[in-house]
Amino acid sequence: MKTTNLAELYELDPMNWSAVVDGLDAGFPQAPGAGGPDRHTCWLATLNPDGTPHVTAVGALWADGAFWFETGPRTRKARNVARDPRCTLSVALDTIDLSVDGHAEHVTDPATVAEMAALWAAEGWPCRVDTSGTALTAEFSAPSAGPPPWHVYRIVPRAATALSTVEPGGATRWHFDEPAE
């Protein structure tokens, strides 16, 4: 892993990636009605066919060293990552603003899809694996996800940038030789 201290100008130490992972592992509620400072929105940026950015909110999870999101196959984000998997996901945690660059991978392994369905259900979205075994269904999802089935995607960090929002502060960029954990 290559670490770049973006706050040297202010004589601040580089942030520690393990502290960022600890914040992600602690969870970041996104449930409707959570509201206020304890509700965290994840933003996914993908590339449109003409190269312009497409940014949309997604219900993402952090598990097994990666971000996970779901969406219908006809959504703009799904079509974008099918054509070009490069993307960035960002979230403001309690003490850190974070953006992660990676490639969105469509996951079809039935065991992994079932594991992710269980994690989303534990977070309050009552989804389940559909009859194909490779996608999700539920009575509802975010309107931007389109109709079911919803495909599961994993983003393994290739690079990340974090900004500390508490004293003493800090800003750091990491480039990972191997998947970040």
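Residues numbered from 1 in each chain as written. Predicted model: local features only at pLDDT ≥ 70, side-chain atom pairs only at ≥ 80, totals over all residues. Heavy atoms only, no water.

As recorded in an unreviewed UniProt entry, the protein chain goes by Pyridoxamine 5'-phosphate oxidase family protein and comes from Nocardia vermiculata.

## Structural notes on empty space enclosed by the protein
Put simply, the test is: Here a cavity denotes grid points, spaced 1 Å and computed from the protein atoms alone, that fit a 1.4 Å probe unable to get out, and a pocket denotes an open set having protein on both sides within 12 Å along at least 5 of 7 lines; residues with an atom within 4 Å of a point are the lining. Grid points are joined across faces, edges and corners, and a volume is the space filled by probe spheres set on the points. Three residue categories are used. Nonpolar comprises Ala, Val, Leu, Ile, Met, Phe, Trp, Tyr, Cys and Pro, charged comprises Asp, Glu, Lys and Arg, and polar comprises the others, including Gly.
In total, this model carries one cavity of 30 Å³ or more according to the counting rule given. When its volume is computed, the largest cavity comes out at roughly 40 Å³. In terms of lining, the largest cavity is formed by A57, V58, G59, E70, K77, A142, S144 and A145. Its residues placed into classes, the lining of the largest cavity shows four nonpolar, two polar and two charged.

## Focus: helix α1 (residues 17-25)
For clarity, the cut-off: Classification of residues uses two cut-offs on accessible area relative to the type maximum, computed with a 1.4 Å probe and protein chains only: under 20% is buried, over 50% is exposed, and between them is partly exposed. Helix and strand assignments follow DSSP, with helices taken as H or I runs no shorter than four residues and strands as E runs no shorter than two, numbered in order from the N terminus. For this quantity, the arc is that covered by the directions from the helix axis to the C-beta atoms. Throughout, a residue-residue contact means that at least one pair of heavy atoms, one from each residue, lies within 4.5 Å.
Three or more residues of α1 are buried, namely W17, V20, V21 and L24. Projected down its long axis, α1 carries its buried residues within an arc of 100°, all on one side. Considering only its buried residues, α1 is in contact with β4 (61-63), β5 (66-71), β7 (96-107), β10 (151-164) and β11 (171-175).

## Examining the pattern of salt bridges
As a reminder, the rule being used: The salt bridge criterion pairs a side-chain nitrogen of Lys or Arg with a carboxyl oxygen of Asp or Glu, the two atoms within 4 Å.
In the structure shown here, the tally under the stated rule is four salt bridges. Note that R173 is salt-bridged to D101, the shortest N-O span being 2.8 Å. A residue pair is termed long-range when its members are at least 10 positions apart, and R173 in strand β11 and D101 in strand β7 qualify at 72 residues. On the basis of relative accessible area, R173 is assigned to the buried category, the value being 19%. For the salt bridge of R154 with E105, the shortest nitrogen-to-oxygen distance reads 3.0 Å.

## Details of the environment of E123
Positionally, E123 belongs in the loop between α3 (110-122) and β8 (128-129). In this structure, the C-alpha to C-alpha distance between E123 and T56, residues 67 residues apart in sequence, is 20 Å.

## Overview of the environment of V55
Looking at where V55 falls in the secondary structure, it is placed in strand β3 (residues 53-58). Note on V55: relative accessible area 51%, which makes it exposed. For the pair V55 and K2, spaced 53 residues apart in sequence, the C-alpha separation works out to 27 Å. Residues contacting V55, with those up to four places away along its chain left out, are W43, L44 and A45.

## Thoughts on the pairing of strand β2 (residues 42-47)
Threshold: At least two bridges found by DSSP between two strands are what make those strands a pair.
Only one face of β2 is covered, namely the one carrying C42, L44 and T46; the face carrying W43, A45 and L47 has none of its residues buried. As defined by bridge partners, β2 adjoins β3 across six bridges and the pair is classed as antiparallel. Each bridged residue has a counterpart across the sheet, and for L47 the counterpart in β3 is P53. Counted between consecutive antiparallel strands, the loop separating β2 from β3 contains five residues, among which G51 sits at a positive phi close to 90°. In the sheet, β2 pairs with strand β6 (residues 86-92) via four bridges, with the strands oriented antiparallel. The residue bridging L44 from the neighbouring strand is L89, located in β6.

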